[in-house]
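# Residue-level structure breakdown
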Amino acid sequence: MNTPFLNVLLTFELDKSIKYLRLGLGEIKKITAENDFYEPVFLFLSGGLERLFKVVLCLNSLEKNNKLPRNGVIWNNQNGHDIIFLKKEIEKTCISINRYLEEEDFDIIQNDDIINEICDVLAQYAKRGRYFDMDAILGNIQEFEPKSEWEKIEKKLNLKHYGAEFYDLIKSPEMLESIISNSNQLILERLERFIRAVIRQLIYGKIYSNSGQFVFQVADFLNIADNQIGKTNYNDFAIYESVRR
């Protein structure tokens, strides 16, 4: 298969990854006390991050080796859905860009504990957690349940936000929606910063010298200003539309 055609396919994959991520962030906003259906959140975010990471790694291989990797070179059947593994491979390509707007990007990619926990839940979901109920039906009991692990992240963020008062607030039914909305917001903000950081590494870092050709595909996250973080409801835009801020 010729390289120009493969480059076109990479563009398609990058475009799909952005759409998956937009849908995942939109689904986070839909979580309420009545709607605790997290499956679309996990499905879209895990698919979006996996595709984004793989495109970045393929482009970096093209940059370093002047060719795209073959099957099994960077990832294989055992770790192809492992977002943590792919993220660690991404980290090897990241640099401190030393520009005012990007000075915090390197840190959130490398050192953000919440992002690592989110990625771990999504990795486990992609590898096995999506079949948690069916596995139980078939007698293959597993301990990892994605929803409970995600709720632990929500609790950690709410504890940091509210402090010890959180335990009193959670007992109050009228506060429940506000608490859920708060954790949704904090996760959304953290993910937006992380996705923007990875994309800015792609466009401005050392991953691929011709990455400017992908600016259109990644503009929905590349162009988020700091004062816009967390303020976009992705459900307001059809998936074929650009996000307007």
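Our structure is the block above this text.
In what follows, the accompanying structure is described. (Residues numbered from 1 in each chain as written. Predicted model: local features only at pLDDT ≥ 70, side-chain atom pairs only at ≥ 80, totals over all residues. Heavy atoms only, no water.)

## Some details on the overall build of the protein chain
The secondary structure content of the protein chain amounts to ten helices and zero strands. Here the C-alpha atoms of the protein chain give a radius of gyration of 19 Å, agreeing with the 18 Å that 2.2 N^0.38 yields for 245 residues. Each principal axis of the C-alpha distribution contributes one length, and for the protein chain these read about 60 × 50 × 35 Å. By the burial criterion, 48% of the 245 residues in the protein chain qualify as buried. (Helix = DSSP H or I, 4+ residues; strand = E, 2+ residues; numbered from the N terminus. Rg over C-alpha atoms; globule rule 2.2 N^0.38 Å. Buried < 20%, exposed > 50% of the residue type's maximum accessible area, 1.4 Å probe, protein only.)

## A closer look at the pattern of salt bridges
Within the structure shown, the criterion is met by 18 salt bridges. One connected set of salt bridges, linked through shared partners, spans Glu13, Lys16 and Arg51. (Salt bridge = Lys/Arg side-chain N within 4 Å of Asp/Glu carboxyl O.)

## Quick look at the packing of helix H2 (residues 39-65) against helix H7 (residues 146-162)
Direction vectors running N to C along H2 and H7 enclose 85°, while the axes themselves pass 11 Å from each other. The angle between H2 and H7 places the two elements in the roughly perpendicular class. Here Val41, Phe42 and Leu45 of H2 come into contact with H7, specifically with Pro146, Lys147 and Trp150. Residues belonging to the contact of H2 with H7 are distributed by class as follows: five nonpolar, no polar and one charged. (Axes fitted to C-alpha atoms, helices over the stretch in contact; angles between N-to-C directions. Parallel < 35°, antiparallel > 145°, perpendicular 65-115°, else oblique. Contact = heavy atoms within 4.5 Å. Nonpolar A, V, L, I, M, F, W, Y, C, P; charged D, E, K, R; others polar.)

## Remarks on the side chain of aspartate 105
You can see aspartate 105 is positioned in helix H4 (residues 105-111). In terms of polar contacts, aspartate 105 uses its side chain to reach the side chain of arginine 200, at 2.8 Å. Ignoring anything within four residues of it in the chain, the contact list for aspartate 105 reads Ala197 and Arg200. (Polar contact = N/O pair within 3.5 Å; in protein donor to acceptor, adjacent residues only side chain to side chain.)

## Focus: the state of the cysteines
Linking two cysteines covalently through their sulfur atoms gives a disulfide. Counting across every chain of the model gives zero disulfides. Here cysteine 58 is not disulfide-linked; the sulfur of cysteine 94 is the nearest cysteine sulfur, at 16 Å. Using a relative accessible area of 14% as the deciding quantity, one classes cysteine 58 as buried. The thiol of cysteine 94 is not disulfide-bonded; the next cysteine sulfur, from cysteine 119, is found 12 Å away. The class of cysteine 94 is buried, set by a relative accessible area of 8%. (Disulfide = S-S within 2.5 Å.)

## A look at the nonpolar core
Judged by nonpolar contacts, the single largest core of 65 residues is most densely connected at Leu25, Leu45, Leu49, Trp150, Phe194, Ile199 and Phe221. Listed by contribution, the elements that provide at least two residues to this core are helix H1 (3-30), H2, helix H3 (83-91), H4, helix H5 (113-127), H7, helix H9 (173-204) and helix H10 (215-222). At twelve residues, H2 tops the list of elements feeding residues into this core. (Core = buried A, V, L, I, M, F, W, Y, C linked by side-chain atoms within 4.5 Å.)

## Some thoughts on a nonpolar patch on the surface
Where nonpolar side chains cluster on the molecular surface, the patch consists of Phe5, Val8, Leu9 and Phe12 and spans about 330 Å² of accessible area. With respect to the helices and strands, leucine 9 occurs in helix H1. Exposure remark for leucine 9: the relative accessible area of 31% places this residue in the partly exposed category. (Patch = residues over 30% accessible without salt bridge, like charges linked within 9 Å, V, L, I, M, F, W, Y side chains within 5 Å. Areas by Shrake-Rupley, 256 points an atom, 1.4 Å probe, with all protein chains shown as cover.)

## Concerning unusual backbone geometry
Phi angles above zero are rare outside glycine, and asparagine 66 is one such case at about 60°. With respect to the helices and strands, the residue asparagine 66 is situated in the loop between H2 and H3. We classify asparagine 66 as exposed; its relative accessible area is 68%.

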